[in-house]
Amino acid sequence: RIPLSLHGAADPGPIAVPEWAGRCRLECPEPRYRFLFDAAITSLVLHSPEDIYPGPYTYKRFWFRDAAFIAHAMICAGFPDRARRAIEAFFARQTRSGYFLSQDGEWDSNGEVLWLLDAYLRFTGEPMPAHWYAPVERAARWIERKCLPETPPSPHAGLMPAGFSAEHFGPNDYYYWDDFWSVAGLKAAARMLGPADAGAGDRFSARAESLSGAVDRSLERARVRLKGPAMPAAPYRRLDAGAVGSLAAGYPLGLFEPRDPRLLGTVGHLLEHCCVDGAFFQDMVHSGSNAYLTLHLAQVLLRAGDR
């Protein structure tokens, strides 16, 4: 049910929308909050006519990183069937090598797809469909092959290769964002495949730990270089607005403990140096006050118990 007005003229009342049957509703005394919540729910529908797009009018270009966040929001908001329809379309985009391809150089995509598939199964309680097994295993093996050698030692040893990643981070680099999603994807693959194939579950769980260890070693080098726990966007970068990508380890992936100094140090730096009038200000590529990245900061703080 969609409230049709917010200010001024009398509200003619909500209208019934069949697509919204069973979706989450916000009940609170403040009408503006209810309106904003319903507007956000409406956006989920507008952004997913068939493929999921980050913008319903002028930006109809598919990216897995947008689709993963939006489909996850649909699952949480009570649209699992709509999310499942979008997820099923993902498999046609997987190459023979196992790569979920929307744009070349998008090294986070496999992790995002695997994480989303696992989240869907956990939220709905459904058994894993038989036709998911082969794509999931191919996707996890692709991550395995993509990781760089761990020797010789270097700040990027064992990490995912340099790529453009999420474009608001800046030019091509060895982005921790890609690594965190890849760790989460391997863990998700282990959970999905493990009940039917213990060997695959153990293999991908061990590979997730190996990649996580490489990230930890790289972050320790960054801590020494930058003289503090805050995580840069990539091993050779200074602390800048791109560091917001490293918060993926806290939200949405939960790979680090809620009060991990690396998470809270990064949030502290961004709040002090990269916010304008209380909002995260992205000064690279996607410039301006950024709503969803501000909410990434909020999620990390909420998870740490900071009201």
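Summing up its helical and strand segments, the protein has nine helices and three strands in all. Taken from N to C terminus, the helices and strands of the protein fall in the order α-α-α-α-α-α-α-α-β-β-β-α. By the compact-globule yardstick of 19 Å for 307 residues, the protein fits well, its C-alpha radius of gyration being 20 Å. With respect to the principal axes defined by its C-alpha atoms, the protein has extents near 70 × 50 × 35 Å. Classification of the 307 residues of the protein by burial places 49% in the buried group. For the protein, restricting intrachain contacts to residue pairs at least 6 apart in sequence, the fraction spanning at least 24 positions comes to 62%. Carbon and sulfur atoms provide 56% of the accessible area of the protein, an area that totals close to 14600 Å².

The omega angle of the peptide bond from Thr 151 to Pro 152 is 0°, so this bond is cis rather than trans. Assignment of secondary structure puts Pro 152 in the loop between helix 5 (133-146) and helix 6 (176-193). At Lys 227, a residue that is not glycine, the phi angle is positive and equals roughly 60°. Its identity is not glycine, yet Asp 277 carries a phi of approximately 55°, on the positive side. For Asp 277, the location among the structural elements is in the loop between strand 1 (275-276) and strand 2 (279-282).

Strand pairs in the sheet, formed through backbone hydrogen bonds, run parallel or antiparallel to each other. What the three strands build is an open sheet, ordered 1-2-3; its pairing is antiparallel. The outermost strands of the open sheet, each flanked by one partner alone, are strand 1 and strand 3 (288-289). When strand 2 meets strand 3, the two strands line up antiparallel, connected through two bridges. The partner of Phe 281 across the bridge, within strand 3, is Ser 289. Where helix 9 (residues 291-303) meets the sheet, its contacts fall on strand 1, strand 2 and strand 3, and the angle it forms with strand 2 comes to roughly 125°.

Attention now goes to the confidence of the model for the protein. For the protein, per-residue confidence averages 91 on the pLDDT scale, and residues scoring 70 or more make up 93% of the total. Confidence over residues 1-13 falls short of pLDDT 50; this stretch has 26 contacts with residues more than four positions distant or in other chains.

In regular strands, side chains alternate between the two faces of the sheet. In this sheet, strand 2 lies alongside strand 1 in antiparallel orientation, the contact comprising two bridges. Paired with Val 276 across the bridge in strand 2 is Ala 279. The turn linking strand 1 back onto strand 2 is made up of two residues, and Asp 277 within it adopts a positive phi angle of 55°.

Orientation of helix 2 (residues 64-76) relative to helix 4 (residues 109-124), taken along the N-to-C sense of each, is 10°, at an axis distance of 9 Å. Considering the angle they form, helix 2 stands roughly parallel to helix 4. Residues Phe 64, Arg 65, Ala 67, Ala 68, Ala 71, His 72, Ile 75 and Cys 76 of helix 2 form the contact with helix 4, whose participating residues are Ser 109, Glu 112, Val 113, Trp 115, Leu 116, Ala 119, Tyr 120 and Phe 123. Of the residues that constitute the contact of helix 2 with helix 4, the class distribution is twelve nonpolar, two polar and two charged.

Looking now at the packing of aromatic side chains. Applying the stated criterion to the full structure yields 19 aromatic pairs. Ring centres of Trp 63 and Phe 164 lie 6.2 Å apart, and the angle between their planes is 80°; this geometry places the pair in the edge-to-face category. With a gap of 101 residues between them, Trp 63 in the loop between helix 1 (31-46) and helix 2 and Phe 164 in the loop between helix 5 and helix 6 connect regions that are remote in the sequence. Between the aromatic rings of Trp 115 and Trp 181, the centroid separation amounts to 5.1 Å while the plane-to-plane angle is 85°, which identifies the pairing as edge-to-face.

The next thing to look at is the environment of Arg 217. Position of Arg 217 relative to the elements: it lies in helix 7 (residues 198-226). On the basis of relative accessible area, Arg 217 is assigned to the partly exposed category, the value being 48%.

Attention now moves to helix 1. The end-to-end C-alpha distance of helix 1 is 22 Å, a good match for the 22 Å that 16 residues give at a rise of 1.5 Å each. Among all positions of helix 1, only Asp 38, Ile 41, Leu 44 and Val 45 are buried. Along the long axis of helix 1, the arc covered by the buried residues comes to 105°, so they all point the same way. Each element contacted by the buried residues of helix 1 is listed here: helix 2 and helix 3 (80-90). For helix 1, the N-terminal cap is Glu 30; the gap from its side-chain oxygen to the backbone nitrogen of Arg 32 is 2.9 Å.

Definitions and cut-offs
Residues numbered from 1 in each chain as written. Predicted model: local features only at pLDDT ≥ 70, side-chain atom pairs only at ≥ 80, totals over all residues. Heavy atoms only, no water. Helix = DSSP H or I, 4+ residues; strand = E, 2+ residues; numbered from the N terminus. Rg over C-alpha atoms; globule rule 2.2 N^0.38 Å. Buried < 20%, exposed > 50% of the residue type's maximum accessible area, 1.4 Å probe, protein only. Contact = heavy atoms within 4.5 Å. Areas by Shrake-Rupley, 256 points an atom, 1.4 Å probe, with all protein chains shown as cover. Pairing = 2+ DSSP bridges. Axes fitted to C-alpha atoms, helices over the stretch in contact; angles between N-to-C directions. pLDDT = per-residue confidence, 0-100. Parallel < 35°, antiparallel > 145°, perpendicular 65-115°, else oblique. Nonpolar A, V, L, I, M, F, W, Y, C, P; charged D, E, K, R; others polar. Phe/Tyr/Trp six-rings, centres within 6.5 Å; stacked < 30°, edge-to-face > 60°. Expected span 1.5 Å × (residues − 1). Arc of directions from axis to C-beta. Polar contact = N/O pair within 3.5 Å; in protein donor to acceptor, adjacent residues only side chain to side chain.

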